[in-house]
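A look at the structure
Letter by letter, the chains look like this.
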Amino acid sequence: MHALTHATFGEATDVLEVTDRPLPEPGQGEVRVRTVLSPIHNHDLWTIRGTYGFKPELPAASGTEAVGVVDALGEGVTSLEVGQRVVSGGTFGVWAEYFVAKAAGLIPVPDGIADETAAQLISMPFSALSLIDHLGVESGDWIVQNTANGAVGRLVAQFGALRGVRVLGLVRRDAGVDELASVGIRDVVSTEHDGWQDAAAAVLGGASPKAAVDSVGGRSAGDLVGLLGEGGTLWSFGAMGSGDLQISSGALIFKDITVKGFWGSRVSKEMDAAKRGTLFAELFERVGSGQIELPVEAVFSFEDARAAAAASDTPGRVGKILLRF
């Protein structure tokens, strides 16, 4: 079969190549899946660079999420059938014509969800929903997040609204406010100019966020802490700007702020089956009803993976870049 691999760490636009690999055979409790579509995520590109929390041995496979069709069953698998459409969000090496995964880790896809949507159901939407659920907030509570116009930021705002959670979103540019308003996301403040804190306070109307989600790091983390109420929690979700958090010790001491990290992969693995099932049911309902939309910017053949990676890095992109196998 053909697969996307890299012999060295570096930019995906430079190191990804199509190679021949043996067709994998499913073992006990595993299934083989014929890949249909797979999204390009930031963590896929970081893994290829060698800068992510997981660093594979070289030459390395690539890709972590895909929708496909069950092609073969390993011994003892009774929960899935050949020909069944499934998604995987935690299997490394799915950028290939076929991949093998644990049957228990695959999610059957309802008939009403298109391949383009199913391909990106887990990593971003499920992470966003898991994050909202993990924060311990209830209907009527406020949270605040930066990079509100990013893929996860949009989903957090949408899932939050559907659960009755108020979400104050911060964006770096004034244009980001209008961009989000055009898709129905309000309560957004631009930090492009001095005095943005006053605009944020006006949105909050005297309320104090119970939780803050930081995807930037650096001074941005401190900005979020400044908006938190007493006893609030700052959740580090990413580090697009800096790997360090610049937070005032005074804020931690006098506001009793807690700082925690959120890694979707770990949270998903440690989640009990009942909670996982409940969240997936909510996810399928929201997506199937059209309450949550997962736009696609473009679909590339996997043979054009380098061009697809370049497109994924394009500023201002709204929808996902998908690879077709």
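A brief look at the structure comes next. (Residues numbered from 1 in each chain as written. Predicted model: local features only at pLDDT ≥ 70, side-chain atom pairs only at ≥ 80, totals over all residues. Heavy atoms only, no water.)

**Side note on the overall build of the protein**
Scanning the protein from N- to C-terminus turns up 12 helices and 15 strands. Taking 2.2 N^0.38 as the reference for a compact globule, 325 residues should give roughly 20 Å; the C-alpha atoms of the protein span a radius of gyration of 20 Å, in line with that estimate. A principal-axis box enclosing the C-alpha atoms of the protein has dimensions of 60 × 40 × 35 Å. By the burial criterion, 49% of the 325 residues in the protein qualify as buried. Accessible surface, the protein: about 14,800 Å² in total, of which carbon and sulfur atoms supply 48%. Here the protein holds 26 positive side-chain charges and 40 negative ones, and the gap between their average locations is 2 Å. (Helix = DSSP H or I, 4+ residues; strand = E, 2+ residues; numbered from the N terminus. Rg over C-alpha atoms; globule rule 2.2 N^0.38 Å. Buried < 20%, exposed > 50% of the residue type's maximum accessible area, 1.4 Å probe, protein only. Areas by Shrake-Rupley, 256 points an atom, 1.4 Å probe, with all protein chains shown as cover. Lys, Arg positive; Asp, Glu negative; His and termini not counted. Charge placed at Lys NZ, Arg CZ, Asp CG, Glu CD.)

**Examining the packing of aromatic side chains**
For the coordinates displayed, the defined rule picks out seven aromatic pairs. Among the aromatic residues, those joined into a cluster by ring pairs are Trp46, Tyr52 and Trp263. Above the ring of Tyr98, the side-chain terminus of Arg32 is found at 5.9 Å from the ring centroid. The ring of Phe9 carries the charged tip of Lys55 above its face, separated from the ring centre by 5.0 Å. (Phe/Tyr/Trp six-rings, centres within 6.5 Å; stacked < 30°, edge-to-face > 60°. Lys NZ or Arg CZ within 6 Å of the ring centre and 35° of its normal.)

**Focus: the environment of Ser268**
As for its placement among the helices and strands, Ser268 is situated in helix α10 (residues 264-270). Judged by its relative accessible area of 18%, Ser268 is buried. In this structure, the C-alpha to C-alpha distance between Ser268 and Ile122, residues 146 residues apart in sequence, is 10.0 Å. Excluding its chain neighbours within four sequence positions, the residues that come into contact with Ser268 are Phe126 and Arg276. (Contact = heavy atoms within 4.5 Å.)

**A closer look at unusual backbone geometry**
Residue Pro59 is bonded to the preceding Leu58 through a cis peptide linkage, with omega at -10°. Note on placement: Pro59 falls in the loop between α2 (42-49) and β4 (66-73). With a phi angle near 45°, Thr147 is a residue other than glycine that sits in the positive phi range. Within the element layout of this structure, Thr147 appears in the loop between β8 (142-145) and α5 (151-162).

**As for the environment of Lys210**
Along the chain, Lys210 falls in the loop between α7 (196-204) and β11 (211-214). Given the relative accessible area of 43%, Lys210 is considered partly exposed. Filtering out sequence-adjacent residues up to four positions away, Lys210 remains in contact with Gly136, Val137, Asp141, Trp142, Leu228, Gly232 and Thr233.

**Comments concerning the pattern of salt bridges**
In a structure, side chains of opposite charge can pair up when their charged atoms sit close to one another. Using the criterion set out here, one finds 14 salt bridges in the structure. Close ionic contact of Glu25 with Arg32 constitutes a salt bridge, the shortest N to O distance being 3.3 Å. Looking at Glu25, the relative accessible area reads 58%, which means it is exposed. For Arg32, a relative accessible area of 10% gives the class buried. (Salt bridge = Lys/Arg side-chain N within 4 Å of Asp/Glu carboxyl O.)

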